[in-house]
Amino acid sequence: MEAIAKLKSVRVTPQKARRVVNLIRGKSAAEALAILKFAPQGVSEPVFKLVASAVANAKVKADAANVRFDEEDLIISAAFVDEGATMKRFMPRAQGRATPIMKRTSHITVVVSTPDEIIAKANLQKRSK
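About the cut-offs
- Residues numbered from 1 in each chain as written.
- Predicted model: local features only at pLDDT ≥ 70, side-chain atom pairs only at ≥ 80, totals over all residues.
- Heavy atoms only, no water.
- Pairing = 2+ DSSP bridges.
- Helix = DSSP H or I, 4+ residues; strand = E, 2+ residues; numbered from the N terminus.
- Axes fitted to C-alpha atoms, helices over the stretch in contact; angles between N-to-C directions.
- Contact = heavy atoms within 4.5 Å.
- Buried < 20%, exposed > 50% of the residue type's maximum accessible area, 1.4 Å probe, protein only.
- Arc of directions from axis to C-beta.

A few words on the sheet that holds strand β2 (residues 75–83). Where strands meet in a sheet, backbone hydrogen bonds hold them as pairs that are either parallel or antiparallel. With antiparallel pairing, 3 strands are arranged side by side in an open sheet as β1-β5-β2. Each edge of the sheet is formed by a strand with only one pairing partner; in this case those strands are β1 (2–10) and β2. The sheet shows a mean angle of 10 degrees between the axes of neighbouring strands, direction not considered. Note that β2 and strand β5 (residues 106–113) share 8 bridges and pair antiparallel. In the sheet register, Ile76 faces β5, and the bridge partner there is Val112. Where helix α1 (residues 14–24) meets the sheet, its contacts fall on β2 and β5, and the angle it forms with β2 comes to roughly 175 degrees.

Attention now goes to α1. What α1 keeps buried is the set Pro14, Ala17, Val20, Val21 and Ile24. With its buried residues spanning 125 degrees around the axis, α1 presents them on a single face. Exposed side of α1, more than 90 degrees from the buried face: Gln15 and Arg19 are the residues found there. The first or second residue beyond α1 is Gly26, which carries a positive phi of 90 degrees.

Below you can see the structure in the form of structure tokens.
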């Protein structure tokens, strides 16, 4: 079972968000939630909620398909951060000048899946080559 959760326009720079997302990529969902719970970065809270949402999405998908579901089997198969819209602001400086301030946003995506789904995808890619 594969499930996706997306979070758009988070008010954090993509570079800072990638630092946290790189910690959880490839880990089990339970382990990722434990890592995020105690991570000191500010973006770890929205990413924690996003991973929990992806797990819940997988559960709903499994219930709809009448498939056995175990939360402990889920692995974060993909997690990435894209750049969102940038809010442009200006700060007044000396002698009538102004300097730009870029307030960046991020789009974060987390994909959780079971190990057999990952193996099936790998076999499918291997056959197509």
